[in-house]
Amino acid sequence: MNSNLNHLQPYPFQKLRKLFDGIKRNSALTPIDLHIGEPKHATPDFIRQAAIDHLGGLANYPTTQGTPALRCSIADWLMRRFHLSRINPDTQVIPVNGSREALFSFAQAMIDASAAHPPFVVCPNPFYQIYEGAALLAGATPKFINTTADNDFRLDCSQLADDIWSRTQLIYVCSPNNPTGNVMTLDEWHQLFELSDRHGFVIAADECYSEIYFDEHKPPLGALDAAQQLGRMEFPRLVVFNSLSKRSNVPGLRSGFAAGDAQILEKYLIYRTYHGCAMNPVSQAASIAAWKDETHVAANRRMYLEKFLKVTALLSKIMPKQMPVQMPDAGFYLWLNTPVADTEFTKLLYRDYNVTVLPGSYLGRAVRGINPGENYVRIALVASLDECIEAVNRIIGLLEKLASPNTTNLK
């Protein structure tokens, strides 16, 4: 067995099941689960129909590089969405089976564990645990940058010394961020690109939440757009990962892409050919239809906006000034500060109010004396509007109980 498997930590949802072990939920209330970032809005009919219309494709082996039509639909979308002057669908785009699969396999292809000094992979903290697992199984050591409310959840690269950056081969960045919802600025990208130029590491930009935002006139800045604005037209050492799962409500389709530096993608395509991860022809046909349409994406955003406006308005009435509630820059997570330990808050909410959220500490690691996820919970506003409002009213009930001077024991 690969000895690096011994370094993997339990996945957050495994920890959550263990946390709830032996706890009986309040059966008088309908369960509302907001702990998993799985879109619940309906899959658009035209995407379903495209899949049905191309079921005959199941009779054919797909190529790892995907069809030219799929690559062109992705390239066209990238140019429209991020105002790119050009991107080559033959050399700078690879279809993948969802961003999770690609984010993991990318590290396996990129990391050189035989380097003179053991390699590092840098991740934000808190983070999507695939980054850590990918680093460990590639033979690298994860290093973390804490993102906290003190600096508006920004990626402060100065937290790591030059001797760490000099051994860094890959950095994962997530913008819009999971779980904080923060979006990187052009200045932050500039600083990160300069670090990459100086030390030679590759940037893996996870942008799977890029299409869930709240101002139609201010879509989140993307890494490829930032690179182009800064004159980096060939996207050196930069690969972006995105997906249809959140954008088009098709998480089961497992469809996304990697795009950017052509030299890196040429090698990554070789890896993927051996890895055996070509997208099936039915998914490719449905994906082409999805990437070509923006109407359903805007409608999707409107539903999330309505939920966030109503939920944050309700919570703002009760949360103390030192624990303000605010809209994220983008994404569908509410990163809520808790008045007690996040794990205790989660257990009480599950037991007494039948609402499931995810403790923030499960998404972070203790680094430089703190776990930046502690005393936060991640609430995925993926359920219906009515369910989200009901869940938040129950959360308010728990907050009021915790704030009551008559509360002596909630265990």
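Residues numbered from 1 in each chain as written. Predicted model: local features only at pLDDT ≥ 70, side-chain atom pairs only at ≥ 80, totals over all residues. Heavy atoms only, no water.

### As for the overall build of the chain
Logical step 1: Across its full length, the chain holds 14 helices and twelve strands.
Logical step 2: The C-alpha atoms of the chain give 21 Å as radius of gyration, which agrees with the globular expectation for 411 residues (22 Å, within 12%).
Logical step 3: Viewed in the frame of its principal axes, the chain has a C-alpha envelope of about 65 × 55 × 45 Å.
Logical step 4: Sequence separation of 24 or more characterises 76% of the internal contacts of the chain that already satisfy a separation of 6 or more.
Logical step 5: Counting only carbon and sulfur atoms, one obtains 52% of the accessible surface of the chain, whose full area is about 17600 Å².
Logical step 6: Computed over 39 positive and 40 negative side-chain charges, the inter-centroid distance for the chain is 5 Å. (Helix = DSSP H or I, 4+ residues; strand = E, 2+ residues; numbered from the N terminus. Rg over C-alpha atoms; globule rule 2.2 N^0.38 Å. Contact = heavy atoms within 4.5 Å. Areas by Shrake-Rupley, 256 points an atom, 1.4 Å probe, with all protein chains shown as cover. Lys, Arg positive; Asp, Glu negative; His and termini not counted. Charge placed at Lys NZ, Arg CZ, Asp CG, Glu CD.)

### Regarding the nonpolar core
Logical step 1: Residues Leu78, Trp189 and Leu238 are the most contacted members of the largest nonpolar core, which totals 48 residues.
Logical step 2: Each residue touching Leu238, except ones within four places of it in the same chain, is listed here: Phe193, Ile203, Ala205, Ala223, Leu224, Ala227, Ala259, Gly260, Asp261 and Ile264.
Logical step 3: One finds Phe308, Leu336, Cys388 and Val392 within the second-largest nonpolar core, a separate group that totals 36 residues. (Core = buried A, V, L, I, M, F, W, Y, C linked by side-chain atoms within 4.5 Å. Buried < 20%, exposed > 50% of the residue type's maximum accessible area, 1.4 Å probe, protein only.)

### A look at the side chain of Ser196
Logical step 1: Mapped onto the secondary structure, Ser196 falls in helix H7 (residues 186-199).
Logical step 2: Sequence-distant contacts of Ser196, that is, excluding residues within four places in its chain, are made with Phe201, Ile203 and Arg237.

### Describing the sheet that holds strand S6 (residues 202-206)
Logical step 1: Read from one edge to the other, the open sheet built from seven strands follows the order S2-S8-S7-S6-S5-S3-S4, with strand pairing classed as mixed. Two strands bound the open sheet, and with one partner strand each, they are strand S2 (93-96) and strand S4 (141-146). On average, adjacent strands in this sheet sit at an angle of 20 degrees to one another, irrespective of strand direction.
Logical step 2: Note that strand S3 (residues 120-125) and strand S5 (residues 168-174) share three bridges and pair parallel. Opposite Val122, over in S5, you have Ile171 as the bridge partner.
Logical step 3: Relative to S6, H7 is tilted by about 150 degrees, and along the sheet it contacts S5, S6 and strand S7 (238-243). (Pairing = 2+ DSSP bridges. Axes fitted to C-alpha atoms, helices over the stretch in contact; angles between N-to-C directions.)

### Quick notes on the side chain of Asn300
Logical step 1: Structurally, Asn300 is set in helix H12 (residues 295-316).
Logical step 2: In this structure Asn300 comes out as buried when scored by relative accessible area, which is 2%.
Logical step 3: Ignoring anything within four residues of it in the chain, the contact list for Asn300 reads His41, Lys246, Arg247 and Asn249.

### Focus on the environment of Ser3
Logical step 1: Mapped onto the fold, Ser3 is located in the segment before helix H1 (12-19).
Logical step 2: Classification of Ser3 by relative accessible area gives partly exposed; the value is 49%.
Logical step 3: Distance from Ser3 to Phe106, taken between C-alpha atoms, is 20 Å for residues 103 residues apart in sequence.

### With respect to the packing of helix H13 (residues 342-353) against helix H14 (residues 385-403)
Logical step 1: Orientation of H13 relative to H14, taken along the N-to-C sense of each, is 115 degrees, at an axis distance of 10 Å. As for how H13 packs across H14, the hand of that crossing is right-handed. Counting all contacts with H13, which are made through Phe345, Leu348, Leu349, Asp352 and Tyr353, the residues of H14 involved are Arg394, Ile395, Gly397, Leu398, Leu399, Lys401 and Leu402.
Logical step 2: Looking at side-chain class alone, the contact of H13 with H14 contains eight nonpolar, one polar and three charged residues. (Left-handed = near helix turned anticlockwise from the far one by under 90°. Nonpolar A, V, L, I, M, F, W, Y, C, P; charged D, E, K, R; others polar.)

### Some remarks on the sheet that holds strand S9 (residues 333-337)
Paired through their backbone hydrogen bonds, the strands of a sheet run either parallel or antiparallel.
Logical step 1: Ordered by their spatial adjacency, three strands build an open sheet running S9-S12-S11, and the pairing between neighbours is antiparallel. Only two strands of the sheet have a single partner each, and these edge strands are S9 and strand S11 (358-359).
Logical step 2: Pairing of S11 with strand S12 (residues 376-380) involves two bridges; the strand directions are antiparallel. Each residue of the ladder has a partner; that of Pro359, found in S12, is Val377.

### Here's the deal with the packing of aromatic side chains
Logical step 1: The full count for this structure, using the stated rule, is 21 aromatic pairs.
Logical step 2: Geometry around Phe120 places Lys143 over its ring, the cationic atom sitting 4.8 Å from the centre. (Phe/Tyr/Trp six-rings, centres within 6.5 Å; stacked < 30°, edge-to-face > 60°. Lys NZ or Arg CZ within 6 Å of the ring centre and 35° of its normal.)

### Digging into the pairing of S2
Logical step 1: By the alternation rule, side chains of S2 split into Val93 and Pro95 and Ile94 and Val96, which are all buried.
Logical step 2: The pairing of S2 with strand S8 (residues 256-260) spans four bridges and is antiparallel. Residue pairing in the sheet places Pro95 in a bridge with Phe257 of S8.

### Comments concerning the environment of Ile270
Logical step 1: Its place among the elements puts Ile270 in helix H10 (residues 262-275).
Logical step 2: Along the backbone, Ile270 and Phe201 are 69 residues apart, and their C-alpha atoms lie at a distance of 20 Å.

### A look at the state of the cysteines
Logical step 1: Inspection of the entire model under this criterion finds zero disulfides.
Logical step 2: As a non-bridged cysteine, Cys208 has Cys174 as the owner of its nearest cysteine sulfur, 5.9 Å distant.
Logical step 3: The exposure class of Cys208 is buried, given its relative accessible area of 8%. (Disulfide = S-S within 2.5 Å.)

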